[in-house]
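# Architecture and fold: a report
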Amino acid sequence: MPAVVTTTGLTKKYKNQTVVDSLDLHIPEACVYGFLGPNGSGKSTTMKLLLSLVEPTSGEVEIFGRRMDRSSRRHMLEGIGALIESPAAYGHLTGRENMRIVQHMLDLRPAQIDRAVASVRMEGQMGKKVQNYSLGMKQRLGIAMALARDPKLLVLDEPTNGLDPAGIEEIRDLMIRLAAEEGITVMVSSHLLAEIERMATVLGILQQGRLIFQGSKEDLVDRSLPDLLVDTADPDIVAHTFTRSLPSVGTNRVRIPEVPVAQTPEVVRELVTAGARIEGVRREEQSLETVFIKLTGREGLL
Ligand SMILES: Nc1ncnc2c1ncn2[C@@H]1O[C@H](COP(=O)(O)OP(=O)(O)OP(=O)(O)O)[C@@H](O)[C@H]1O
Ligand SMILES: [Mg+2]
């Protein structure tokens, strides 16, 4: 799959703080790329770097196979729709008036505006002043503004922020549809795995400016270290073989924590060699959320 976005050693420092640290992003074409990380990990800054809103301290950005620099960026940005941090619509104007400004600024056809508005299901709200919109409506208008130019790449910074579950579901369906049906590459950030898990096919996880994981959800699950539950007539032997402080779940069941999947046969062989009578062995699979939390090491905070 060709990459739409590739960065090489992308770095941004503010004074002494490295907020984006040697990122090598690889965003395949027509995927939904979930860009995850806790507050302050550098998601927005990275997106601003991709959009040339911020100058990198070092490193390179390549989009659509072309290096982004001073002379190329204007042309390249025409193919990118973006919504960074909060939507930039004028509150005292209606949705329709805001979209008209976008239309004139980007020299678009009315049909492009109508299509973008319909995509986010905002046709019924266009006569209302934006200051009277709910947060979800504002987000959706922001996405319509980003979509109006028919971008090949859409960069959305926390588009589900503040939305109710139905609103999140709608945005999720829209992202999936844009990627699958229109071949648009969608990069979407969030600090919540649950919001992104079902729409993203590729994940990039940022922590303190570093990319600690990049790959498919399946790759992430492969990183899991499930507990092994061993039913045995000799719980003492099983417990003793691995660690003296193993917690016994039941009298005949011993939990061996965090066994890499590939090492399961070896663990079982070791138990048998130690003389334990094994009645059953079961892996307790980990959810994506658990793997993610273990990887980022910030339980509950992401
Ligand atoms: N213009 C700036 N000057 C100095 N520091 C900045 C600037 N912009 C961002 N930072 C710092 O860079 C770090 C990363 O910020 P960034 O906004 O990229 O994080 P984020 O992952 O988007 O966080 P959030 O989830 O809260 O939106 C933070 O420590 C922030 O204070
Ligand atoms: Mg941010």
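Owing to the predicted nature of the structure, the values given are computational and were not obtained by experimental measurement.

Around ligand 1, the structure places Tyr14, Gln17, Val19, Pro38, Asn39, Gly40, Ser41, Gly42, Lys43, Ser44, Thr45 and Glu158. Between ligand 1 and Gly40 there is a distance of 2.8 Å, counted from an oxygen atom to a backbone nitrogen or oxygen. Lys43 is positioned such that a nitrogen or oxygen atom in its side chain is 2.8 Å from an oxygen atom of ligand 1. Out of a free accessible area of 640 Å², ligand 1 has 62% covered by protein chains. Contributing elements (two or more residues each) for the shell around ligand 1: β2 (17-23) and α1 (43-50). For the shell around ligand 1, the element with the highest residue contribution is α1, accounting for three residues. Residue composition of the shell around ligand 1, grouped by class: three nonpolar, seven polar and two charged.

Under the criterion given, the structure shown has one aromatic pair. Ring geometry for Tyr33 and Phe35: centres 6.3 Å apart, planes at 40°, overall tilted. For Tyr33, a relative accessible area of 0% corresponds to the buried category. Take Phe35: its relative accessible area is 0%, and that puts it in the buried class.

The next point concerns empty space enclosed by the protein. Which parts of space are left empty comes out when a probe the size of a water molecule is rolled across the atoms. Under the definition given, this model contains two cavities of 30 Å³ or more. A volume near 80 Å³ is recorded for the largest cavity. Every residue along the wall of the largest cavity is listed here: Gln112, Arg115, Ala116, Ser119, Leu147, Asp150, Pro151, Leu178, Glu182 and Ile184. Counting residues per element, the ones that place at least two in the lining of the largest cavity are α4 (110-119) and α6 (165-182). When residues in the lining of the largest cavity are grouped by element, the largest group, four residues, is from α4. Class assignment for the residues of the lining of the largest cavity results in five nonpolar, two polar and three charged. Considering the residues around the second largest cavity, the lining is formed by Ser119, Val120, Arg121, Arg140, Glu170, Ile171, Leu174 and Arg177.

Attention now moves to the domain arrangement of the protein chain. The parts lose accessible area when they come together, and the size of an interface is often stated as this lost area. Domain parsing of the protein chain yields domain 1 (3-79 + 151-221) and domain 2 (225-285). Taking only C-alpha atoms into account, the centre of domain 1 sits 41 Å from that of domain 2.

Rules behind the numbers
Residues numbered from 1 in each chain as written. Chains lettered and ligands numbered in written order. Predicted model: local features only at pLDDT ≥ 70, side-chain atom pairs only at ≥ 80, totals over all residues. Heavy atoms only, no water. Near = heavy atom within 4 Å. Polar contact = N/O pair within 3.5 Å; in protein donor to acceptor, adjacent residues only side chain to side chain. Areas by Shrake-Rupley, 256 points an atom, 1.4 Å probe, with all protein chains shown as cover. Helix = DSSP H or I, 4+ residues; strand = E, 2+ residues; numbered from the N terminus. Nonpolar A, V, L, I, M, F, W, Y, C, P; charged D, E, K, R; others polar. Phe/Tyr/Trp six-rings, centres within 6.5 Å; stacked < 30°, edge-to-face > 60°. Buried < 20%, exposed > 50% of the residue type's maximum accessible area, 1.4 Å probe, protein only. 1 Å grid on protein atoms, 1.4 Å probe; cavity = no way out; pocket = protein on both sides within 12 Å on 5 of 7 lines; lining within 4 Å. Points joined across faces, edges and corners; volume = space filled by probe spheres on them. Domains from an automatic or database assignment.

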